Amino acid sequence: MPTAFIPFTMCATVRDNHARSFRTDLERLTSSHRGWAPLDVVKSTNTKAFLRGAVPQSDHTATDASLARYLQDRLVADKDIHLDLVVSIQR
């Protein structure tokens, strides 16, 4: 049975005191070895980036907030990434 993928957009914002690592954090976030949510940068500045991606449909794709928590939890697992996320599921 094929897996349905849910497209989303995301705004990643630099956290206080981590502006110097923002570009590195974006590179780590979008690197190809992150299988949990492949991401493409659409637009970025020195403090904010807009990205798009897709994740397999699951409980965490029920709402924008649950997907944001899922993605934020993945960032916590990668302790060197310091970004705040706002996610919008494409409906």
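Relevant structure appears above.
Residues numbered from 1 in each chain as written. Predicted model: local features only at pLDDT ≥ 70, side-chain atom pairs only at ≥ 80, totals over all residues. Heavy atoms only, no water.

Draft legend 1. Structural detail: the environment of Ala12. Following the sequence through the fold, Ala12 ends up in strand β1 (residues 5-14). When the C-alpha atoms of Ala12 and Val86 are compared, they prove to be 6.7 Å apart, with 74 residues separating the residues in sequence. Not counting chain neighbours up to four residues away, the residues in contact with Ala12 comprise Phe22, Thr47, Lys48, Ala49, Leu51, Leu83, Asp84 and Leu85. (Helix = DSSP H or I, 4+ residues; strand = E, 2+ residues; numbered from the N terminus. Contact = heavy atoms within 4.5 Å.)

Draft legend 2. Representation of the nonpolar core in the model. Of all hydrophobic cores here, the largest spans 22 residues; its most connected members are Phe8, Met10, Leu67, Leu71 and Leu83. The set of elements that each furnish at least two residues to this core consists of β1, α1 (22-30), β3 (48-56), α2 (64-77) and β4 (83-89). (Core = buried A, V, L, I, M, F, W, Y, C linked by side-chain atoms within 4.5 Å. Buried < 20%, exposed > 50% of the residue type's maximum accessible area, 1.4 Å probe, protein only.)

Draft legend 3. Focus on the sheet that holds β1. Strand order in the open sheet made by the four strands is β2-β3-β1-β4, with antiparallel pairing throughout. Two strands lie at the open edges of the sheet, namely β2 (39-44) and β4, each paired on one side alone. Across the sheet, the axes of successive neighbouring strands diverge by a mean angle of 25°, strand direction being ignored. (Pairing = 2+ DSSP bridges. Axes fitted to C-alpha atoms, helices over the stretch in contact; angles between N-to-C directions.)

Draft legend 4. Representation of the side chain of Asp25. On the secondary structure map, Asp25 appears in helix α1. Taking relative accessible area as the criterion, Asp25 reaches 0% and is therefore assigned buried. Discounting chain neighbours no more than four positions away, the residues touching Asp25 are Asp80, Ile81, His82 and Leu83.

Draft legend 5. Seen up close, α1. Taken as a whole, α1 has its buried residues at Phe22, Asp25, Leu26 and Leu29. Looking down the long axis of α1, one finds its buried residues gathered within 100° of arc, a one-sided arrangement. (Arc of directions from axis to C-beta.)

Draft legend 6. Looking closely at the pairing of β2. Sheet topology note: the β2/β3 ladder contains five bridges and is antiparallel. Bridge pairing in β3 places Leu39 opposite Gly53. Here β2 folds back onto β3, and the loop between the two strands holds three residues.

Draft legend 7. Spotlight on the side chain of Thr61. Following the sequence through the fold, Thr61 ends up in the loop between β3 and α2. Residue classification places Thr61 among the buried positions, given a relative accessible area of 9%. At 2.7 Å, the side chain of Thr61 and the backbone oxygen of Ser58 are in polar contact. Non-local contacts of Thr61, meaning those with residues more than four positions away in its chain, are made with Ile6, Val55, Pro56, Ser66, Leu67 and Ile89. (Polar contact = N/O pair within 3.5 Å; in protein donor to acceptor, adjacent residues only side chain to side chain.)

Draft legend 8. View of the pattern of salt bridges. Considering all chains together, one arrives at two salt bridges under this definition. Two residues, Arg15 and Asp84, come together in a salt bridge whose shortest N-O distance is 2.9 Å. On the criterion of sequence distance, the pair formed by Arg15 in the loop between β1 and α1 and Asp84 in strand β4 is long-range, its members being 69 residues apart. A relative accessible area of 27% means that Arg15 is categorised as partly exposed. Across the salt bridge formed by Arg28 and Asp25, the nearest N and O atoms sit 4.0 Å from each other. Note that Arg28 and Asp25 are positioned in helix α1 at a spacing of three residues, about one turn of the helix. (Salt bridge = Lys/Arg side-chain N within 4 Å of Asp/Glu carboxyl O.)

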